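Letter by letter, the chains look like this.
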Amino acid sequence: MSGLLNSSIARKVAMALSGIFLISFLLLHFLINFTSVVSESTFNELSHFMGTNPLIQFLMQPILILGVIFHFVMGIVLEIKNNKARQVQYKMYKGNLNSSWVSRNMIITGLVVLAFLGLHFYDFWFPEIVYKYVEFNPADTTRYFGEMVHKFESPVRTGLYVISFVLLAMHLWHGFQSSFQTIGVNNKYTPFIHKLGYTFAVVVPAGFIFIALFHHFITN
(Lines give C-alpha, C1' and ligand atoms only; values in the text may rest on other atoms or scores of the structure.)
Protein backbone atom coordinates (compact mmCIF):
# COMPACT_ATOMS: atom_id res chain seq x y z
CA MET A 1 0.00 0.00 0.00
CA SER A 2 2.81 2.43 0.87
CA GLY A 3 4.49 1.69 -2.46
CA LEU A 4 1.25 2.18 -4.34
CA LEU A 5 0.61 5.52 -2.63
CA ASN A 6 4.04 6.75 -3.69
CA SER A 7 2.55 7.12 -7.17
CA SER A 8 1.04 10.55 -7.81
CA ILE A 9 -1.88 9.07 -9.72
CA ALA A 10 -2.53 6.47 -7.01
CA ARG A 11 -2.55 9.16 -4.33
CA LYS A 12 -5.10 11.21 -6.27
CA VAL A 13 -7.31 8.17 -6.86
CA ALA A 14 -7.12 7.20 -3.18
CA MET A 15 -8.00 10.78 -2.25
CA ALA A 16 -10.96 10.73 -4.65
CA LEU A 17 -12.30 7.38 -3.40
CA SER A 18 -12.08 8.48 0.23
CA GLY A 19 -13.88 11.68 -0.74
CA ILE A 20 -16.72 9.76 -2.40
CA PHE A 21 -16.98 7.54 0.68
CA LEU A 22 -17.28 10.60 2.94
CA ILE A 23 -19.86 12.16 0.60
CA SER A 24 -22.04 9.06 0.97
CA PHE A 25 -21.73 9.26 4.76
CA LEU A 26 -22.54 12.97 4.70
CA LEU A 27 -25.75 12.30 2.77
CA LEU A 28 -26.82 9.59 5.22
CA HIS A 29 -25.98 11.84 8.17
CA PHE A 30 -28.04 14.65 6.66
CA LEU A 31 -31.07 12.45 6.01
CA ILE A 32 -31.07 11.20 9.60
CA ASN A 33 -30.59 14.67 11.09
CA PHE A 34 -33.32 16.14 8.92
CA THR A 35 -35.88 13.81 10.51
CA SER A 36 -35.35 15.81 13.74
CA VAL A 37 -37.20 18.69 12.07
CA VAL A 38 -40.07 16.45 10.99
CA SER A 39 -40.49 13.87 13.75
CA GLU A 40 -38.82 13.69 17.14
CA SER A 41 -39.70 10.01 17.55
CA THR A 42 -38.31 9.06 14.13
CA PHE A 43 -35.06 10.85 14.86
CA ASN A 44 -34.77 9.07 18.21
CA GLU A 45 -35.45 5.69 16.62
CA LEU A 46 -32.88 6.17 13.85
CA SER A 47 -30.27 7.58 16.22
CA HIS A 48 -30.77 4.71 18.64
CA PHE A 49 -30.36 2.20 15.82
CA MET A 50 -27.19 3.90 14.58
CA GLY A 51 -25.85 4.15 18.13
CA THR A 52 -26.46 0.55 19.16
CA ASN A 53 -26.14 -1.54 16.00
CA PRO A 54 -22.90 -3.59 16.37
CA LEU A 55 -22.14 -3.52 12.64
CA ILE A 56 -22.30 0.27 12.58
CA GLN A 57 -20.56 0.80 15.91
CA PHE A 58 -17.67 -1.63 15.60
CA LEU A 59 -17.13 -1.81 11.82
CA MET A 60 -18.55 1.19 9.97
CA GLN A 61 -17.68 3.76 12.63
CA PRO A 62 -13.96 2.88 12.79
CA ILE A 63 -13.88 2.81 8.97
CA LEU A 64 -15.47 6.25 8.91
CA ILE A 65 -12.93 7.67 11.37
CA LEU A 66 -10.05 6.19 9.38
CA GLY A 67 -11.62 7.53 6.18
CA VAL A 68 -11.77 11.06 7.58
CA ILE A 69 -8.16 10.91 8.79
CA PHE A 70 -6.94 9.40 5.52
CA HIS A 71 -8.78 11.94 3.35
CA PHE A 72 -7.39 14.97 5.09
CA VAL A 73 -3.87 13.60 5.57
CA MET A 74 -3.78 12.67 1.88
CA GLY A 75 -5.04 16.15 1.01
CA ILE A 76 -2.15 17.73 2.91
CA VAL A 77 0.35 15.33 1.29
CA LEU A 78 -0.95 16.15 -2.19
CA GLU A 79 -0.81 19.88 -1.47
CA ILE A 80 2.82 19.62 -0.37
CA LYS A 81 3.72 17.47 -3.39
CA ASN A 82 1.97 19.84 -5.79
CA ASN A 83 3.75 22.88 -4.35
CA LYS A 84 7.12 21.18 -4.73
CA ALA A 85 6.37 20.03 -8.27
CA ARG A 86 5.16 23.41 -9.46
CA GLN A 87 8.15 24.97 -11.20
CA VAL A 88 6.50 28.24 -12.21
CA GLN A 89 4.23 29.97 -9.77
CA TYR A 90 1.47 32.26 -10.97
CA LYS A 91 3.14 35.58 -11.68
CA MET A 92 -0.08 37.46 -11.39
CA TYR A 93 -3.52 36.45 -10.23
CA LYS A 94 -5.96 36.67 -13.12
CA GLY A 95 -9.12 35.47 -11.49
CA ASN A 96 -10.61 32.29 -12.87
CA LEU A 97 -8.30 32.38 -15.91
CA ASN A 98 -5.83 30.38 -13.84
CA SER A 99 -8.24 28.47 -11.62
CA SER A 100 -11.13 29.13 -9.30
CA TRP A 101 -10.52 30.38 -5.77
CA VAL A 102 -12.16 27.25 -4.36
CA SER A 103 -9.97 24.84 -6.32
CA ARG A 104 -6.83 26.74 -5.30
CA ASN A 105 -7.78 26.78 -1.64
CA MET A 106 -9.16 23.27 -1.08
CA ILE A 107 -6.54 22.74 1.62
CA ILE A 108 -7.80 25.79 3.55
CA THR A 109 -11.48 24.90 3.39
CA GLY A 110 -10.56 21.29 4.11
CA LEU A 111 -8.61 22.16 7.25
CA VAL A 112 -11.44 24.33 8.55
CA VAL A 113 -13.91 21.50 7.90
CA LEU A 114 -11.52 19.14 9.72
CA ALA A 115 -11.49 21.52 12.71
CA PHE A 116 -15.28 21.48 12.66
CA LEU A 117 -15.29 17.69 12.61
CA GLY A 118 -13.11 17.81 15.72
CA LEU A 119 -15.72 20.00 17.40
CA HIS A 120 -18.46 17.66 16.18
CA PHE A 121 -16.68 14.66 17.70
CA TYR A 122 -16.24 16.62 20.93
CA ASP A 123 -19.93 17.54 20.98
CA PHE A 124 -21.51 14.25 19.97
CA TRP A 125 -19.17 11.28 19.63
CA PHE A 126 -17.16 11.57 22.86
CA PRO A 127 -20.23 12.17 25.07
CA GLU A 128 -21.85 9.14 23.42
CA ILE A 129 -18.81 6.97 24.16
CA VAL A 130 -18.73 8.17 27.77
CA TYR A 131 -22.48 7.59 28.17
CA LYS A 132 -22.37 4.01 26.92
CA TYR A 133 -18.90 2.65 27.65
CA VAL A 134 -17.58 4.69 30.60
CA GLU A 135 -20.63 5.45 32.71
CA PHE A 136 -22.53 2.36 31.49
CA ASN A 137 -25.86 4.17 31.54
CA PRO A 138 -28.98 2.17 30.62
CA ALA A 139 -30.31 2.47 27.10
CA ASP A 140 -32.66 5.42 26.64
CA THR A 141 -34.32 5.55 23.23
CA THR A 142 -35.75 9.04 23.81
CA ARG A 143 -32.61 10.98 24.76
CA TYR A 144 -31.14 11.72 21.32
CA PHE A 145 -33.46 14.52 20.22
CA GLY A 146 -33.05 16.47 23.46
CA GLU A 147 -29.28 16.08 23.39
CA MET A 148 -29.04 17.40 19.85
CA VAL A 149 -31.35 20.35 20.46
CA HIS A 150 -29.31 21.28 23.54
CA LYS A 151 -26.20 21.65 21.36
CA PHE A 152 -27.90 24.41 19.37
CA GLU A 153 -28.90 26.56 22.35
CA SER A 154 -25.68 28.57 22.16
CA PRO A 155 -25.68 31.23 19.39
CA VAL A 156 -21.86 31.01 19.21
CA ARG A 157 -21.86 27.26 18.65
CA THR A 158 -24.72 27.55 16.16
CA GLY A 159 -22.84 30.31 14.31
CA LEU A 160 -19.68 28.18 14.11
CA TYR A 161 -21.80 25.31 12.80
CA VAL A 162 -23.25 27.53 10.07
CA ILE A 163 -19.86 28.92 9.03
CA SER A 164 -18.38 25.42 8.89
CA PHE A 165 -21.08 24.21 6.52
CA VAL A 166 -20.64 27.25 4.29
CA LEU A 167 -16.98 26.27 3.97
CA LEU A 168 -17.97 22.64 3.45
CA ALA A 169 -20.20 23.77 0.58
CA MET A 170 -17.21 25.52 -0.99
CA HIS A 171 -15.10 22.39 -0.50
CA LEU A 172 -17.76 20.19 -2.12
CA TRP A 173 -18.29 22.65 -4.99
CA HIS A 174 -14.95 21.58 -6.42
CA GLY A 175 -14.35 18.30 -4.62
CA PHE A 176 -17.49 16.41 -5.66
CA GLN A 177 -16.99 16.55 -9.41
CA SER A 178 -13.20 16.40 -9.07
CA SER A 179 -13.45 13.06 -7.24
CA PHE A 180 -15.47 11.44 -10.02
CA GLN A 181 -13.24 12.92 -12.69
CA THR A 182 -10.14 11.57 -10.95
CA ILE A 183 -11.44 7.98 -10.95
CA GLY A 184 -12.10 8.20 -14.69
CA VAL A 185 -15.75 9.23 -14.98
CA ASN A 186 -15.22 11.57 -17.90
CA ASN A 187 -17.78 10.72 -20.56
CA LYS A 188 -21.28 11.64 -21.68
CA TYR A 189 -22.40 11.61 -18.04
CA THR A 190 -19.87 14.29 -17.05
CA PRO A 191 -22.27 17.26 -17.47
CA PHE A 192 -24.82 15.45 -15.28
CA ILE A 193 -22.19 14.72 -12.62
CA HIS A 194 -21.18 18.39 -12.63
CA LYS A 195 -24.79 19.48 -12.10
CA LEU A 196 -25.30 16.82 -9.45
CA GLY A 197 -22.13 17.95 -7.68
CA TYR A 198 -23.15 21.61 -7.66
CA THR A 199 -26.62 20.68 -6.42
CA PHE A 200 -25.22 18.47 -3.67
CA ALA A 201 -22.72 21.14 -2.64
CA VAL A 202 -25.56 23.62 -2.11
CA VAL A 203 -28.50 21.53 -0.91
CA VAL A 204 -26.85 19.29 1.70
CA PRO A 205 -24.82 21.98 3.55
CA ALA A 206 -27.83 24.33 3.32
CA GLY A 207 -29.94 21.54 4.81
CA PHE A 208 -27.57 21.15 7.76
CA ILE A 209 -27.63 24.91 8.28
CA PHE A 210 -31.44 24.89 8.20
CA ILE A 211 -31.51 22.13 10.85
CA ALA A 212 -29.19 24.11 13.13
CA LEU A 213 -31.12 27.37 12.75
CA PHE A 214 -34.46 25.59 13.13
CA HIS A 215 -33.50 24.09 16.47
CA HIS A 216 -31.82 27.29 17.65
CA PHE A 217 -34.71 29.62 16.89
CA ILE A 218 -37.77 27.35 16.88
CA THR A 219 -37.17 24.36 19.14
CA ASN A 220 -35.15 26.04 21.89
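For the structure, see preceding data.
Quick caveat: nothing in here was measured; it's all calculated off a predicted structure.

Participant: Provide a residue-level description of the overall build of the protein chain, including the pertinent values.
Facilitator: The helix and strand tally for the protein chain stands at eight helices and zero strands. Tracing the protein chain from N to C terminus, the helices and strands come up as α-α-α-α-α-α-α-α. Split into buried and exposed, the 220 residues of the protein chain put 38% on the buried side. Partitioning the contacts of the protein chain with sequence separation of at least 6, the portion at a separation of at least 24 is 77%. Put simply, the protein chain shows about 13100 Å² of open surface, and 71% of that area lies on carbon and sulfur atoms.

Participant: Hey, could you go over a nonpolar patch on the surface for me, with residue numbers and the actual values?
Facilitator: Together, Leu 55, Leu 59, Met 60 and Ile 63 give the surface a local cluster of nonpolar side chains, amounting to about 340 Å² of exposed area. Mapped onto the elements, Leu 59 comes out in helix H3 (residues 54-85). Overall, Leu 59 belongs to the partly exposed group, its relative accessible area being 41%.

Participant: An account of the pattern of salt bridges is requested, with residue identities and associated values reported.
Facilitator: Following the criterion strictly, the structure yields three salt bridges and no others. A salt bridge links Glu 128 to Lys 132, with the shortest nitrogen-to-oxygen separation between them at 3.7 Å. In this pair, Glu 128 and Lys 132 both sit in helix H5 (residues 106-134), four residues apart, roughly one turn of the helix. Across this residue pair, the class does not change: Glu 128 and Lys 132 are buried. Between Glu 128 and Arg 143 there is a salt bridge whose closest N-O contact spans 2.8 Å. Of this pair, Glu 128 sits in helix H5 while Arg 143 sits in helix H6 (residues 143-151), and the two are 15 residues apart along the sequence.

Participant: Talk me through the environment of Ile 32; I want residue IDs and the actual numbers.
Facilitator: Relative to the helices and strands, Ile 32 resides in helix H1 (residues 8-38). Ile 32 gets classed as buried once you look at its relative accessible area, which sits at 12%. With 15 residues separating them in the primary sequence, Ile 32 and Ser 47 have C-alpha atoms 7.6 Å apart. Beyond its immediate sequence surroundings of up to four residues, Ile 32 is in contact with Phe 43, Leu 46, Ser 47 and Met 50.

Participant: Please set out the nonpolar core residue by residue, giving values where relevant.
Facilitator: Among the nonpolar cores identified, the biggest contains 31 residues, and Leu 26, Tyr 161, Phe 165, Leu 172, Phe 200 and Phe 208 are the most heavily contacted of them. Looking at this core, the element that brings in the most residues is helix H8 (residues 190-219), giving eight residues. Beyond its immediate stretch of four places on either side in the chain, Tyr 161 contacts Asn 33, Phe 116, Phe 152, Phe 208 and Ala 212.

Conventions we followed
- Residues numbered from 1 in each chain as written.
- Predicted model: local features only at pLDDT ≥ 70, side-chain atom pairs only at ≥ 80, totals over all residues.
- Heavy atoms only, no water.
- Helix = DSSP H or I, 4+ residues; strand = E, 2+ residues; numbered from the N terminus.
- Buried < 20%, exposed > 50% of the residue type's maximum accessible area, 1.4 Å probe, protein only.
- Contact = heavy atoms within 4.5 Å.
- Areas by Shrake-Rupley, 256 points an atom, 1.4 Å probe, with all protein chains shown as cover.
- Patch = residues over 30% accessible without salt bridge, like charges linked within 9 Å, V, L, I, M, F, W, Y side chains within 5 Å.
- Salt bridge = Lys/Arg side-chain N within 4 Å of Asp/Glu carboxyl O.
- Core = buried A, V, L, I, M, F, W, Y, C linked by side-chain atoms within 4.5 Å.

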